[in-house]
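These are the residues of each chain, in order.
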Amino acid sequence: MANPPVQLSLQTTQGKSPSTQVPSSLTPPVTPIAKERPPRSTPSPIQDPKAAQTPSTSKDNVGTLQFTDDLEICHDENNRSLEFGRGVWSIVYKARSFPHPQTNPPGTPPSSPTSRSQVLAVKAPLRRDARPVLNAEASTLTRLTFTQGHEQYIVPFHGYHAPLGALVMSAIPTSLASYIEDQSKQARTHHTTATMFDPVQGPASYQDLARRLITGLNWLHQVAAVVHGDIKPHNILLRPIDTDDCVEAPAFPFQPLYADFSATVDIPVHAEARDTTRASMSSFTPPFTAPEMLASLTSTEMAPTPASDVFSLAATLLAIATGDLLLYPNMNHRLRLEMARAGHQIVDFARSGVSGSRVPRNGFVERIVKPAVVKDPAMRITTPEWVQLASC
Ligand SMILES: Nc1ncnc2c1ncn2[C@@H]1O[C@H](COP(=O)(O)OP(=O)(O)O)[C@@H](O)[C@H]1O
Ligand SMILES: [Mg+2]
């Protein structure tokens, strides 16, 4: 039997203002991910009255795009909420929206069924200390959403749902992480020596994807003036490209969109400027984190930089080419962390792995990855140069 829609009419109680202190520990190598995973026992915000607290009224909320329509979290036949995925900070629920009754001017007919048909993704806090992180992410997403060109590069953001402390986005159910896993599974089933020197998905498709990702990072750095801070395959979503609109179908049939801006900071005008409300080091995943950032874990905390983003995207590009989502498969967490600390050797490490043949010397993959992983961050390629290099 289908579940009746449940509206999020929440009883708000005066909650303690959330702590801005964020714990600093490494995440497991892979953020949990699923296209639409089987529901878990964690209550959804509508089932958990503790989750419904008075939203922060700090100055961070001022100017943040608000989502005021009613939300309906989708449930399965056992009345358990459906999830798109979860990360360190959040659970991302599958949801639908319908306009708030008051927003319909008097005399207008009720909204058409099509206005209800859009599937949404609602990123709700998983822990109490995630609320200020999501609040800051909403503020960043607002700014990015008002920056020209955002449609091509970032996840569509519809606003901050204050009662839930949640971000409302368009649902983009495929992530780059799941794509990499699918492609490498296919390559294992249809193994052929003819393509063993190519990136798993094939050279043309890989080059198209690499160019789009690099162009997107260039937009973030040069146009939006932010450092993403946590680039990895789990934080990049893939929106299918409607080929009807294209003269020629693109080699890679998805538009990659950057998501998860929980660790994002403005490109600092002064090196010492730091945003302490951010997820910061706590959300980092070793194989994709620049070695200088990992070194700083033991000393004073360091904000991510454009150069550390460039490293993370280069590591992502290697993972795409080899099909090894963890970059160093069959290794325990401690060893992987040690290799990540020597991240400037990442191409050699990948080449000595089981899929090393997919990164041939002087091939496209090595040419675009090498200048982006050099040890000294000041010597790493910048995104405008990288765009040029990737288009050759
Ligand atoms: N707009 C979206 N549509 C579909 N799935 C999403 C969307 N945003 C995030 N997800 C899924 O939820 C996971 C966690 O979201 P993310 O923003 O990365 O949270 P966290 O900051 O906790 O890591 C992602 O890895 C992705 O699988
Ligand atoms: Mg994430």
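Residues numbered from 1 in each chain as written. Chains lettered and ligands numbered in written order. Predicted model: local features only at pLDDT ≥ 70, side-chain atom pairs only at ≥ 80, totals over all residues. Heavy atoms only, no water.

Caption draft 1: Structural context of the packing of aromatic side chains. Enumeration over the complete set of coordinates arrives at six aromatic pairs. Centre to centre, the rings of tyrosine 179 and phenylalanine 252 are 5.3 Å apart; their planes meet at 90°, and the pair counts as edge-to-face. You can see tyrosine 179 sitting in helix α3 (residues 176–189) and its partner phenylalanine 252 sitting in the loop between β9 (236–240) and β10 (254–258), a full 73 residues away along the chain. The exposure classification of tyrosine 179 matches that of phenylalanine 252, with both residues buried. With centroids separated by 5.6 Å and ring planes inclined at 85°, the aromatic side chains of tyrosine 328 and phenylalanine 349 adopt a geometry described as edge-to-face. On the criterion of sequence distance, the pair formed by tyrosine 328 in the loop between α6 (306–322) and α7 (333–341) and phenylalanine 349 in helix α8 (residues 346–351) is long-range, its members being 21 residues apart. For the pair tyrosine 328 and phenylalanine 349, one class covers both residues: buried. (Phe/Tyr/Trp six-rings, centres within 6.5 Å; stacked < 30°, edge-to-face > 60°. Helix = DSSP H or I, 4+ residues; strand = E, 2+ residues; numbered from the N terminus. Buried < 20%, exposed > 50% of the residue type's maximum accessible area, 1.4 Å probe, protein only.)

Caption draft 2: A look at the nonpolar core. Core analysis: the biggest nonpolar cluster contains 72 residues, and Tyr258, Leu317 and Trp386 have the highest contact counts within it. Looking at this core element by element, the count peaks at ten residues for α6. Both domain 1 (49–170) and domain 2 (174–390) contribute no fewer than three residues apiece to this core. Formed by twelve residues, the second largest nonpolar core is a distinct cluster that contains Leu71, Ile73, Val122 and Val168. (Core = buried A, V, L, I, M, F, W, Y, C linked by side-chain atoms within 4.5 Å. Domains from an automatic or database assignment.)

Caption draft 3: Representation of the site of ligand 1. The full set close to ligand 1 counts 21 residues, and Ser90, Lys123, Ile172, His234 and Asp260 are the nearest of them. In the model, an oxygen atom of ligand 1 is placed 2.8 Å from a nitrogen or oxygen of the serine 90 side chain. In the complex, the protein chains occlude 97% of the 550 Å² of accessible area that ligand 1 would expose alone. The set of elements that each furnish at least two residues to the shell around ligand 1 consists of β2 (83–86), β3 (90–98), β4 (119–125) and β6 (166–170). By residue number, the principal contributor to the shell around ligand 1 is β2, which donates three residues. Looking at the shell around ligand 1 residue by residue, the classes come out as eleven nonpolar, seven polar and three charged. Here the shell around ligand 1 gathers at least three residues from each of two domains, domain 1 (49–170) and domain 2 (174–390). (Near = heavy atom within 4 Å. Polar contact = N/O pair within 3.5 Å; in protein donor to acceptor, adjacent residues only side chain to side chain. Areas by Shrake-Rupley, 256 points an atom, 1.4 Å probe, with all protein chains shown as cover. Nonpolar A, V, L, I, M, F, W, Y, C, P; charged D, E, K, R; others polar.)

Caption draft 4: Structural context of the coordination of the magnesium ion (ligand 2). Within the first shell, the magnesium ion (ligand 2) binds the protein through Asn235 (OD1) and Asp260 (OD), at distances of 2.1 to 2.3 Å. Here asparagine 235 is found in the loop between β8 (226–227) and β9, whereas its partner aspartate 260 is found in the loop between β10 and β11 (265–266), with 25 residues between them in sequence. When its relative accessible area of 6% is taken as the criterion, asparagine 235 is described as buried. (Donors = N, O, S within 2.8 Å, 3.2 Å for Na, K, Ca; no water.)

Caption draft 5: Local environment of helix α4 (residues 203–223). For α4, which comprises 21 residues, the first-to-last C-alpha distance of 29 Å matches the rise-based estimate of 30 Å (1.5 Å per residue) to within 8%. Looking one or two residues beyond α4, the residue adopting positive phi is alanine 225, at roughly 60°. (Expected span 1.5 Å × (residues − 1).)

Caption draft 6: A look at the confidence of the model for the chain. Residues of the chain with pLDDT of at least 70 account for 73%, and the chain-wide mean is 80. Low pLDDT (under 50) marks residues 1–60, which in the prediction has 130 contacts with non-local residues, meaning those over four places away or in another chain. Predicted confidence is poor over residues 111–115, with pLDDT under 50, and the contacts of this stretch with residues over four places away or in other chains come to four contacts. (pLDDT = per-residue confidence, 0-100. Contact = heavy atoms within 4.5 Å.)

Caption draft 7: Local environment of helix α10 (residues 383–390). Every buried residue of α10 is accounted for by Thr383, Trp386 and Ala390. One side of α10 holds all its buried residues, which, seen down the axis, span an arc of 50°. Here the buried face of α10 lies against α4, α6 and α9 (364–369). (Arc of directions from axis to C-beta.)

Caption draft 8: Here's a closer look at the pattern of salt bridges. The full count for this structure, using the stated rule, is eleven salt bridges. A salt bridge links arginine 212 to aspartate 208; the shortest N-O distance between them is 3.2 Å. Of the two residues, arginine 212 and aspartate 208 both sit in helix α4, four residues apart, roughly one turn of that helix. By the burial criterion, arginine 212 is buried, and aspartate 208 matches it. Salt-bridge contacts for arginine 351 lead to aspartate 348; the nearest nitrogen and oxygen are separated by 3.9 Å. With arginine 351 and aspartate 348 both in helix α8, this residue pair falls three residues apart, about one helical turn. Residue aspartate 348 is classed as partly exposed on the basis of its relative accessible area, which comes to 38%. Three or more residues joined by partner-sharing salt bridges are found here, namely Asp348, Arg351, Glu366 and Lys370. (Salt bridge = Lys/Arg side-chain N within 4 Å of Asp/Glu carboxyl O.)

Caption draft 9: How the structure looks around the pairing of β9. One ladder, built from two bridges, connects strand β7 (residues 174–175) with β9; its direction is antiparallel. Residue serine 175 lies in a different strand from β9, and its bridge partner there is leucine 237. (Pairing = 2+ DSSP bridges.)

Caption draft 10: Quick look at the pairing of β2. Here three bridges tie β2 to β3, and the two strands are oriented antiparallel to one another. Note that in β3 the partner of arginine 86 across the bridge is isoleucine 91.

Caption draft 11: The arrangement of the environment of alanine 340 in detail. On the secondary structure map, alanine 340 appears in helix α7. Take alanine 340: its relative accessible area is 2%, and that puts it in the buried class. Setting aside anything within four residues of it in sequence, one finds alanine 340 in contact with Pro286, Pro287, Thr289, Pro291, Leu294 and Tyr328.

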